[in-house]
Amino acid sequence: MDYFLTEEQLEIKEISRKVAEEKVKPLREKYDEEGIFPWDMVEVFAQTDLFAILVPEEYGGISGKVMDLCIVTEELCRVCAGISMAMGATGLGLYPILLSGSEEQKQKYLPAIADGKRLAAFAITEANAGSDAGAIETTATLDGDHYILNGTKQWITNGGEAEIYTVFAMTDKTKGARGASCFIVEKGTPGFSFGKKENKMGIRASATRELIFEDCRIPKENLIAREGLGFMIAMKTFDKSRPMVAAQAVGIAQGAFEEAIRYSKERSQFGKPISSFQAIQFMLADMATQIEAARSLVYSTARMIDGGNKRFSKESAMCKYYASDMAMKVTTDAVQILGGYGYMKEYPVEKMMRDAKITQIYEGTNQIQRSIVASHLLKD
Ligand SMILES: Cc1cc2nc3c(=O)[nH]c(=O)nc-3n(C[C@H](O)[C@H](O)[C@H](O)COP(=O)(O)OP(=O)(O)OC[C@H]3O[C@@H](n4cnc5c(N)ncnc54)[C@H](O)[C@@H]3O)c2cc1C
C-alpha cells in the first residue's frame, strides 16, 4: 500500500527502522525477560532526535505532528513495544502541557523533553478509578502559594523513571468530574515517592509503578490551565494520543506478520513448506489485509488531526480499538503459524502476542472506545 508519505516522513521512517533494527532488536529479549528499563535506548532515541519529534519547533523540538509520531511509534513497536514505551509514555505525559499549559510551562518543560534529557509520565488511574476516571480520590488543596497533594496513582507508565509528571487530582470533590484539575509534579518534590515496579504480562521493558503523594507541596503555578478543567484536559490528551496506541498496535502486528511469513517459507511438514498449504496462505492474506486496514485508519486519523480538524474523538477511538483488536488477532495467528515454536520464547511472536494485549486496555479499554464511538454516532 502506498501511503504517499512525504520526503521528511520517509526519512523519519528510515531512521526509526534503523534504530529499531540495529539498537533495539539485540536487546529486546533480555530487557523483556528481566524487565530492564531501557535507559541506554533513551540515550539512542535522544541522539537520533526521536524525542524531538514529540515536540513542536517553537518549544525545542522538530515536529509535534501526530502523523510523524505514528510513524516512529509503528517502527519501534515493530521490533519492541516495551522499549518504545519510554518514548510513548513521555508523549502522553507531555500532552497536557502542550495542549493546555501556559507559555511559561511549555518553555520550562518541553525543551528538556525534546532533548531526551527528561522523560514524562501521565497519571490519572487509581485503584478505584480506571475506566471511571471521574472517580479519582487524590486531592489537591490550595494552601497559600502551594497546592498540597494527597493520594496514590496506580500503574503509571514511566513511573519512577520520569522526571516530569502530569497528575490529576480533585480540587473540589463536591463537583465530581468537574472538580478535577491537572498539575505538573517534578520527581524529587518532598512528599512524592514511588511504589514497587509491577511484574507484567507484556511491555516488560516499560516501568509501571505507583505514585504516592503524602502532603506533597507543589507551587501554585504548576496547575495546568484552571481548576476544574482536569477532566477536559485528560479527554483532550486521550483524543490526541490514542492514534499513537493504534500505531503501537499496527507496529506490533507488522512485526509478528513478518516473522510468520518468513517462518512459513522455512518450515516444512509433509515434505513441503507450510506456506504451500492454503490454510496458512489464507491466514497470511487475512493478516496482511487487516494490518493495512488498521494502518489506513490510523494514518487517516493522524492526517485529520494534523490538518487542523477540531473534532476527532470518534476517529481517535475508532482507530485505537480497531488497530488493537487487529493486533491481538494478528499476533495470535502468528503464534498459530509458528505452531509449538511460536509458543516458545526463542521466537519473538510469543512476546508480540503478550505486548499486543495492553493496547486493548490502556488509554481507555476497547469497551470504552466503543462507547465513545457510539455516543458520537447517536449524537451526530
Ligand atoms: C501496563 C499498564 C500501563 C498503564 N499506564 C497508565 C499510565 O501511564 N497512566 C494512567 O493514568 N493509567 C495507566 N494505566 C491504567 C489504564 O489506563 C487502565 O487500566 C484502564 O483505563 C482500565 O481501567 P481498569 O484497569 O481499572 O479497568 P476497569 O475500569 O475496572 O474495567 C474492567 C473491565 O470492565 C469494563 N468496563 C468498565 N466500565 C465499563 C463501561 N462503562 N462499559 C463497558 N465496559 C466497562 C472494561 O472495559 C474492562 O473490561 C495503565 C495500565 C496498565 C495495565
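Above this text sits the structure in question.
Now for a quick tour of the structure. (Residues numbered from 1 in each chain as written. Predicted model: local features only at pLDDT ≥ 70, side-chain atom pairs only at ≥ 80, totals over all residues. Heavy atoms only, no water.)

What follows is about helix 10 (residues 366–379). Compared with an ideal rise of 1.5 Å per residue, which puts 14 residues at 20 Å, helix 10 spans 20 Å between its outermost C-alpha atoms and is within 8% of the ideal. Those residues of helix 10 that fall on the buried side of the exposure criterion are Asn-366, Gln-369, Val-373 and His-376. End-on view of helix 10: buried residues confined to an arc of 80 degrees, all on one side of the axis. Set apart from the buried face of helix 10 by more than 90 degrees, the exposed residues are Gln-367, Leu-378 and Lys-379. Where the residues of helix 10 are buried, they touch helix 6 (230–266), helix 8 (313–342) and helix 9 (349–359). (Helix = DSSP H or I, 4+ residues; strand = E, 2+ residues; numbered from the N terminus. Expected span 1.5 Å × (residues − 1). Buried < 20%, exposed > 50% of the residue type's maximum accessible area, 1.4 Å probe, protein only. Arc of directions from axis to C-beta. Contact = heavy atoms within 4.5 Å.)

Further remarks concern the layout of surface pockets. The space that makes up the largest pocket amounts to roughly 1,000 Å³. Lining the largest pocket are 41 residues, and of these Thr-125, Ile-361, Tyr-362, Glu-363 and Gly-364 sit closest to its centre. Broken down by secondary-structure element, the contributors of at least two residues to the lining of the largest pocket are helix 4 (81–100), strand 1 (120–123), strand 3 (146–157), helix 6, helix 9 and helix 10. Per element, the largest residue contribution to the lining of the largest pocket is five residues, and it comes from helix 6. Split into classes, the residues belonging to the lining of the largest pocket amount to 19 nonpolar, 14 polar and eight charged. (1 Å grid on protein atoms, 1.4 Å probe; cavity = no way out; pocket = protein on both sides within 12 Å on 5 of 7 lines; lining within 4 Å. Points joined across faces, edges and corners; volume = space filled by probe spheres on them. Nonpolar A, V, L, I, M, F, W, Y, C, P; charged D, E, K, R; others polar.)

Another aspect to go through is the site of the ligand. Near the ligand lie 17 residues; those nearest to it are Thr-125, Ser-131, Thr-157, Thr-365 and Gln-367. Note that a nitrogen atom of the ligand is positioned 2.6 Å from one of the side-chain N or O atoms of Thr-125. Compared with its free state, where it exposes 970 Å², the ligand has 64% of that area covered by protein. Under a 2 Å grid-point criterion requiring more than half of the atoms, the pocket assigned to the ligand is the largest pocket. Only strand 1, strand 3 and helix 10 provide two or more residues apiece to the shell around the ligand. Tallied by class, residues from the shell around the ligand come to nine nonpolar, six polar and two charged. (Near = heavy atom within 4 Å. Polar contact = N/O pair within 3.5 Å; in protein donor to acceptor, adjacent residues only side chain to side chain. Areas by Shrake-Rupley, 256 points an atom, 1.4 Å probe, with all protein chains shown as cover. Sits in = over half its atoms within 2 Å of the grid points.)

It is worth spelling out the packing of aromatic side chains at this point. Throughout the structure, instances matching the rule amount to 14 aromatic pairs. Relative to Phe-192, the ring of Tyr-165 lies with its centre 5.1 Å away and its plane at 90 degrees, an arrangement referred to as edge-to-face. One end of the pair, Tyr-165, is in strand 4 (residues 164–170); the other, Phe-192, is in strand 6 (residues 192–197), and 27 residues separate them in sequence. There is no split in this pair, since Tyr-165 and Phe-192 are both buried. Following the ring pairs from residue to residue traces out a cluster consisting of Tyr-165, Phe-192, Phe-194 and Phe-213. (Phe/Tyr/Trp six-rings, centres within 6.5 Å; stacked < 30°, edge-to-face > 60°.)

Running from N to C, helix 6 and helix 7 (residues 278–306) point in directions that differ by 155 degrees, and their axes come no closer than 9 Å. Taken as axis vectors, helix 6 and helix 7 run roughly antiparallel relative to one another. Seen along the crossing, helix 6 lies across helix 7 with a hand that is left-handed. Facing helix 6, whose interface residues are Asp-239, Lys-240, Pro-243, Ala-246, Ala-247, Val-250, Ala-253, Gln-254, Phe-257, Ala-260, Ile-261 and Ser-264, helix 7 presents Ile-280, Leu-284, Met-287, Ala-288, Ile-291, Ala-294, Arg-295, Val-298, Thr-301 and Ile-305. Within the contact of helix 6 with helix 7, the residues separate by chemical class into 16 nonpolar, three polar and three charged. (Axes fitted to C-alpha atoms, helices over the stretch in contact; angles between N-to-C directions. Parallel < 35°, antiparallel > 145°, perpendicular 65-115°, else oblique. Left-handed = near helix turned anticlockwise from the far one by under 90°.)

In this section: unusual backbone geometry. Even without being a glycine, Ala-225 presents a positive backbone phi close to 60 degrees. Here Ala-225 is to be found in the loop between strand 8 (223–224) and helix 6. Notably, Glu-363 is not glycine yet its phi reads approximately 55 degrees, a positive angle. Summarising the element assignment, Glu-363 is placed in the loop between helix 9 and helix 10.

Moving on to the state of the cysteines. Under the defined criterion, the tally for this structure stands at zero disulfides. Looking at the unpaired Cys-77, the closest cysteine sulfur is the one in Cys-80, lying at 8.0 Å. The class of Cys-77 is buried, set by a relative accessible area of 2%. Classification of Cys-80 as buried rests on a relative accessible area of 1%. (Disulfide = S-S within 2.5 Å.)

Bringing the side chain of Thr-359 into the picture now. Within the secondary structure, Thr-359 is located in helix 9. Taking the relative accessible area as the measure of exposure, Thr-359 reaches 0% and is therefore buried. If we skip the residues at most four places from it in the chain, Thr-359 touches Val-245, Gln-248, Ala-249, Ile-252, Lys-320, Ser-324 and Asn-366.

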